[in-house]
Amino acid sequence: MQPLDAHQITVKFYADESSRVDPDAVVKIFHRWIQEDRLKGEIPIDVADYRHIRHGPGVILVCHAADYALRQNGRPSFVYSRKRASDDDPVTRLGAAFRAALTACRFLEEEPTLKGALEFSVDEVSFRIRNRLLAPSTTACANTLEETLHPFLDRLYQGCERLTLEADADPKNLLSATARVQRPPNADVLLSRLRA
Amino acid sequence: MSIPTWKQELGAQIPPDLGREIDIYETELELRRQGKLDEKIFGESRLRRGVYGQRYDNGHRHDGNESRTLPYPSAALTKGLQTLWDAPGMQRIKIPFGSVSPDQLDVLAELAEEYSAGVLHVTTRQDFQLHYVHIEDTPDVMRRLAAVGITTREACGNSVRNVTACPLAGVCGGETFDVTRYARAMAYFLLGHPDAQDFGRKFKVAFSGCKDEPCGLTTFHDLGFIARVRTEDGRTRRGFELYVGGGLGAVPHPAKLFDPFLHEEEILPIAQAICRVFARLGEKKNRARARLKFLVKKLGIDELRRLVLEERRKLPGDSRWTEYLSEGDGELATTTTLTLDVDAPDVPPAFDAWKATNVRLQRQEGYAVAVVTLPLGDISAHQARALADVARVFGKSSGDTLRTTVEQNFVLRYVTEAHLPKLFTALDSIGLAQPGAGTIVDVTACPGTDTCKLGIASSRGLASELRNRLLAQDLASDTSVKDLHIKVSGCFNSCGQHHVADVGFYGVSRQFDGRTVPHFQVVLGGQWTENAKSFGLAIGAVPSKRIPEVVTRLTDLYRREAQSGQTFSSLIRSMGKAKVRALLDDLMNVPAYEKDSSLYSDWGDPREFTIGDMGRGECAGEVISRFAFEVAASERRVFEAQLQLERGDAQGAAGGAYDAMVSAAAALVHTQSTDVNGDPSRIVDEFKSRFYDTKLFFDRFAGGKFAHYLFRTHKKILDDVSADAAHHLIEEAQLFIEATHACYGRMAEV
């Protein structure tokens, strides 16, 4: 078994510190996404507001297979968390998670009511595997995770100047990894590669 | 390569009895998934393991424009009446008397991260709840909890719920004695007790170390125990003032005094006797009147007492009545492994304000209790893990440092006074150093419309708004109003305990010009002190968005009109409801939608308000008879026997078939006598005399034939059984179970 056999993948993109929006606006936007069926392929259920928790999950659009959350406690970020299994192979699942997260980020960036206040970077992306049984936070798993993620990220970010990937095997935390990229392609290019 | 499982991973870390219970649940889950277990029985069974439904689990949600169907992959498969299989649910986790160890908190944090939204919620009964949990994840949640000594069994449903107690038990200067060991004994004695399996409704127990403070809230519990001592024959004896039949709900009932001094060794047998009387005489058809409080009202406390004492005299002796009490008190060694630099007394600027509201000295000299305020009772997984580490550093190495409270906070006990500034800094670094615990800003709320199917208005949305406004006004420092308690419930069922607040609110709705407007009924004058001595009264409904103004006017009124030392409830009583209501009358008018549409949606929810999303409540569970549960257990056992045979374990399969028949026989025997224990020989003997010799079990055509399957197997020694023989036994077991159903059906017709 390797870590990405677990389906509980979290992908996180960061926004600039100055990119902060009113959480009330985000709540409204997520409710509207439900009305408009904005997230194709998802079964949206509700919007959960946890802004009152410092370093908490922020405002979450809860769906059946995944959660989509904007966090603004601490460094602003958009977090996609897959919850239910699919029949796809790990790399396909990884690509789907990336695509879902980036798509939602672009929706927020283009959201008229936010007037461009949110801008996400694709030069840094974090992953976590929320499954301590299949992906324990050990050095061995961290190495395996890097070995699986690297080729995926190399293909996705081809043309970038430099890509570094670092996995974190703190046994107290979930297995995670962070990729940093210099001069990445923009989000639309990444999305087109993910759709291909 | 086989996929690892938590069952394998945790292995012997899971206590065998808890492990077996979870295996049973997992089998039931599989049977339900295959449509082989009735949805009502599974529904009640999962509730009794704390697996609850959540809002929208009927597969419908109003999106603000229209009601939509949620097209879950499992289609029409249900996990209970009108609750779809794939719909996210809530896992309630019982924490007896609120005591949680740092290791347990670590695991709770892990579960929140992996199976939920990353948040742990502390309830008004010292439990935890995880929201948005998929039912298929629940067995593993239970296993990982069991491995650290936590069971979710009987967290919901018609059972004995979490036993609560003062979070300061053992450290409080005002307590008569530490009630911890008694609360623990009660929790584990009643857990799964046969006499507590046939209730028509839930049953709640609370312990208090004193009469004056509110920590125990015994007044509104089914059983409320207040610690007492008295001298008998020159010896100090411990006992309890016992109250029974309290409850909040839609119409609160204060508990009645059952015994002014019940000796400590009698608390478990008397509780058992009360359970028997409740199971026997409590209402089961009309769910709205099935709590013990209604039985007390119907019989009167004197008759109830008579019945209970009569039952007590008949009880077979049980060594656990005293064994369970013999575990030591919560008094801990006063050494610490702390290695802080206590010579660096940097006191952060916000420390004094926090200390003024969040710290209380213990009776153990040099120690203090620090309250960790959780906004809306929520803590993130990250914070929970960090708090566990804080508890390890600042609390006692021997444990019992952390407890949850009914005000939805944590307390950290046994903190050395000199270390308080460092503790504050540590808590502040993880966002848990908010002041105002137990003050007007510490607003308590049930989950309400966020996740509860019965929620009418957004209790959490309102509580959050009130909290933010009151903090901004710094009312936690305003000595004239800071001690007021505000509590919010999403509906009349009072999970937010609005009846015992100075200022309480519960969600309602009103219709205006064809639209529905969220309101809260204003409930004033509850008394929080003296174990929640009295209940407030509703004075009128105000639109949800105007409630902050209600609070402003009431706090201004209190500042202006209260005599020195006068409580808020006393002021309201002296003024009279009419006069107080007049103060709020103008807030009750609802303008037309076209003039101000803001009132037509609720706090934190931009959708136009509707009550269409309310669903079928599960708090009342289903009344499933003990027979139904027990015969379902026999069916599950015979199913497991089939699986064993499939795996080539003929011996195990034969044993399972026999166990299934004994279990079905026990189900029938227990309809006549609850005192027959689980010994197979005793069960077979009782079955023979009560059902075979009397021919009650006889089938019209087959006579007593199916009974002989049981008798024959009971006499056999099941050694070296072939696959054919096991298969044969399984078939006989299935026929015996069918005959059991038929017998029960005939008895019901008589």
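Quick note: structure is the one above.
These numbers were taken from a predicted model, which means no experiment stands behind them.

1. Concerning the overall build of chain B
Part 1: Per the secondary structure count, chain B includes 23 helices and 26 strands.
Part 2: For a compact globule of 750 residues, the expected C-alpha radius of gyration is about 27 Å, and chain B comes in at 27 Å, within 12% of that figure.
Part 3: Seen through its C-alpha atoms, chain B measures out along the principal axes to roughly 85 × 70 × 65 Å.
Part 4: The buried share of chain B, reckoned over its 750 residues, is 61%.
Part 5: Here the contacts in chain B between residues at least 6 apart in sequence split such that 71% fall between residues at least 24 apart.
Part 6: By element, 50% of the accessible surface of chain B is carried by carbon and sulfur atoms, the whole surface being about 28600 Å².
Part 7: Taken as two groups, the 92 positive and 100 negative side-chain charges of chain B have centres that lie 6 Å from each other.

2. Things to note about the sheet that holds strand β3 (residues 58–63) of chain A
Residue and element names in this part refer to chain A.
Part 1: Taken in spatial order, the 8 strands make up an open sheet running β2-β3-β4-β5-β1-β6-β8-β7, and their pairing is antiparallel. Pairing within the sheet leaves two strands with one partner each, and these edge strands are β2 (44–50) and β7 (162–168). For this sheet, the mean angle separating the axes of adjacent strands, direction not counted, is 15°.
Part 2: Where strand β1 (residues 9–15) and strand β5 (residues 77–82) come together, 5 bridges link them in antiparallel fashion. The partner of Val-11 across the bridge, within β5, is Tyr-80.

3. A short note on the layout of surface pockets
Residue and element names in this part refer to chain B.
Part 1: Considered as a void within the structure, the largest pocket measures approximately 1600 Å³ in volume.
Part 2: Around the largest pocket, the lining comprises 49 residues; the ones closest to its centre are Glu-21, Arg-153, Gly-192, Pro-194 and Glu-630.
Part 3: Looking at the lining of the largest pocket, the elements with two or more residues in it are α2 (16–33), α3 (39–47), α6 (180–190), α7 (267–281), α19 (626–646), α20 (650–669) and α21 (680–692).
Part 4: Looking at the lining of the largest pocket element by element, the count peaks at 7 residues for α19.

4. Describing the packing of aromatic side chains
Part 1: Tallied over the entire structure, the rule returns 36 aromatic pairs over all chains.
Part 2: With a centroid separation of 5.2 Å and an interplanar angle of 90°, the aromatic rings of Tyr-692 of chain B and Phe-711 of chain B are classed as edge-to-face. With a gap of 19 residues between them, Tyr-692 of chain B in helix α21 and Phe-711 of chain B in helix α22 (residues 705–715) connect regions that are remote in the sequence. Pair check on accessibility: Tyr-692 of chain B and Phe-711 of chain B agree, each one buried.
Part 3: In this structure an aromatic cluster arises from ring pairing among Phe-687, Phe-691, Tyr-692, Phe-697, Phe-698, Phe-711 and Phe-736 of chain B.
Part 4: Stacked on the ring of Phe-107 of chain A, the Lys or Arg Arg-38 of chain A has its end atom at 4.2 Å from the ring centre.
Part 5: Its guanidinium or amino end placed over the ring of Tyr-593 of chain B, Arg-515 of chain B lies 3.6 Å from that ring's centre, counting from NZ or CZ.

5. Details of the pairing of β7 of chain A
Residue and element names in this part refer to chain A.
Part 1: Across the two faces of β7 the burial differs, with Leu-163, Leu-165 and Ala-167 buried and Arg-162, Thr-164, Glu-166 and Asp-168 not buried at all.
Part 2: As paired strands, β7 and strand β8 (residues 175–182) are joined by 7 bridges and run antiparallel to one another. Its bridge partner lying in β8, Ala-167 is registered against Ala-177.
Part 3: The hairpin turn running from β7 into β8, its antiparallel successor, is 6 residues long.

6. Observations regarding empty space enclosed by the protein
Gaps left between atoms are located by rolling a probe of water-molecule size over the structure's atoms.
Residue and element names in this part refer to chain B.
Part 1: In this structure the tally under the stated criterion is 9 cavities of 30 Å³ or more.
Part 2: Of the pockets and cavities examined, the largest cavity occupies roughly 100 Å³.
Part 3: Forming the walls of the largest cavity are Leu-18, Glu-21, Ile-22, Tyr-25, Arg-49, Met-142, Leu-145, Ala-146, Ile-150, Thr-151, Thr-152 and Arg-153.
Part 4: For the lining of the largest cavity, the elements supplying multiple residues, two or more each, are α2 and α5 (138–146).
Part 5: Considering every element that reaches the lining of the largest cavity, the biggest residue donor is α2, with 4 residues.
Part 6: Across the lining of the largest cavity, the residue classes break down as 7 nonpolar, 2 polar and 3 charged.

7. Quick look at the packing of α6 of chain B against α7 of chain B
Residues and elements named next belong to chain B.
Part 1: Packing of α6 against α7 brings their axes to within 10 Å, and their N-to-C directions diverge by 40°. Considered as vectors, α6 and α7 are oriented oblique to each other. The two elements α6 and α7 cross, and the hand of that crossing is right-handed. Taken together, the residues of α7 that come into contact with α6 (itself represented by Tyr-182, Ala-185, Met-186, Phe-189 and Leu-190) are Ile-267, Leu-268, Ala-271, Gln-272 and Cys-275.

8. Quick look at the interface of chain B and chain A
A common way to report how large an interface is uses the accessible area buried once the components associate.
Part 1: On the chain A side, the residues contacting the 50 residues of chain B number 32 residues.
Part 2: Between chain B and chain A, the buried area comes to about 3400 Å², and carbon and sulfur atoms account for 56% of it.
Part 3: By the criterion of area lost to chain A, the three top residues of chain B are Glu-113, Glu-114 and Tyr-132 of chain B, representing 17% of everything that side buries.
Part 4: Linking chain B to chain A there are 9 salt bridges.

9. Concerning the nonpolar core
Part 1: Formed by 70 residues in total, the largest nonpolar core has its most connected members in Leu-105, Phe-128, Leu-387, Phe-410, Leu-412 and Leu-423 of chain B.
Part 2: Setting aside its immediate chain neighbours within four residues, Leu-423 of chain B contacts Trp-354, Ala-370, Val-390, Phe-394, Leu-412 and Val-415 of chain B.

10. As for the pattern of salt bridges
Close approach of charged atoms allows side chains with opposite charge to pair.
Residues and elements named next belong to chain B.
Part 1: Applying the stated rule across the entire model yields 81 salt bridges over all chains.
Part 2: Between Asp-140 and Arg-143 there is a salt bridge, with its nearest N and O atoms 3.6 Å apart. Of the two residues, Asp-140 and Arg-143 are both situated in helix α5; the distance of 3 residues between them amounts to about one turn of the helix.
Part 3: In this structure Asp-140 comes out as partly exposed when scored by relative accessible area, which is 22%.
Part 4: Residue Glu-241 is joined to Arg-228 by a salt bridge in which the shortest nitrogen-to-oxygen separation is 2.7 Å. Of this pair, Glu-241 sits in strand β13 (residues 235–244) while Arg-228 sits in strand β12 (residues 223–232), and the two are 13 residues apart along the sequence.
Part 5: Residue classification places Glu-241 among the buried residues on the basis of a relative accessible area of 5%.
Part 6: Its relative accessible area of 26% is what places Arg-228 among the partly exposed residues.
Part 7: Taken together, the shared-partner salt bridges connect Arg-20, Glu-21, Glu-28, Arg-49, Arg-153, Arg-636, Arg-637, Glu-640 and Asp-659 into one network.

11. Points about unusual backbone geometry
Part 1: With phi around 55°, Asp-37 of chain A is a residue other than glycine that occupies positive phi space.
Part 2: Mapped onto the secondary structure, Asp-37 of chain A falls in the loop between α1 (23–36) and β2.
Part 3: Of the residues examined, Asp-37 of chain A reaches a relative accessible area of 34% and is grouped as partly exposed.
Part 4: A positive phi is found at Asp-474 of chain B, a non-glycine position, where the angle reads about 55°.
Part 5: Here Asp-474 of chain B is to be found in the loop between α14 (459–472) and β21 (486–489).
Part 6: Judged by relative accessible area, Asp-474 of chain B falls into the partly exposed class, the value being 44%.

12. Overview of the environment of Ala-288 of chain B
Part 1: Tracing the sequence through the fold places Ala-288 of chain B in the loop between α7 and α8 (292–299).
Part 2: When the C-alpha atoms of Ala-288 of chain B and Ala-664 of chain B are compared, they prove to be 31 Å apart, with 376 residues separating the residues in sequence.

Cut-offs used in this document
Residues numbered from 1 in each chain as written. Chains lettered and ligands numbered in written order. Predicted model: local features only at pLDDT ≥ 70, side-chain atom pairs only at ≥ 80, totals over all residues. Heavy atoms only, no water. Helix = DSSP H or I, 4+ residues; strand = E, 2+ residues; numbered from the N terminus. Rg over C-alpha atoms; globule rule 2.2 N^0.38 Å. Buried < 20%, exposed > 50% of the residue type's maximum accessible area, 1.4 Å probe, protein only. Contact = heavy atoms within 4.5 Å. Areas by Shrake-Rupley, 256 points an atom, 1.4 Å probe, with all protein chains shown as cover. Lys, Arg positive; Asp, Glu negative; His and termini not counted. Charge placed at Lys NZ, Arg CZ, Asp CG, Glu CD. Pairing = 2+ DSSP bridges. Axes fitted to C-alpha atoms, helices over the stretch in contact; angles between N-to-C directions. 1 Å grid on protein atoms, 1.4 Å probe; cavity = no way out; pocket = protein on both sides within 12 Å on 5 of 7 lines; lining within 4 Å. Points joined across faces, edges and corners; volume = space filled by probe spheres on them. Phe/Tyr/Trp six-rings, centres within 6.5 Å; stacked < 30°, edge-to-face > 60°. Lys NZ or Arg CZ within 6 Å of the ring centre and 35° of its normal. Nonpolar A, V, L, I, M, F, W, Y, C, P; charged D, E, K, R; others polar. Parallel < 35°, antiparallel > 145°, perpendicular 65-115°, else oblique. Left-handed = near helix turned anticlockwise from the far one by under 90°. Buried area = accessible area lost by both parts, 1.4 Å probe. Salt bridge = Lys/Arg side-chain N within 4 Å of Asp/Glu carboxyl O. Core = buried A, V, L, I, M, F, W, Y, C linked by side-chain atoms within 4.5 Å.

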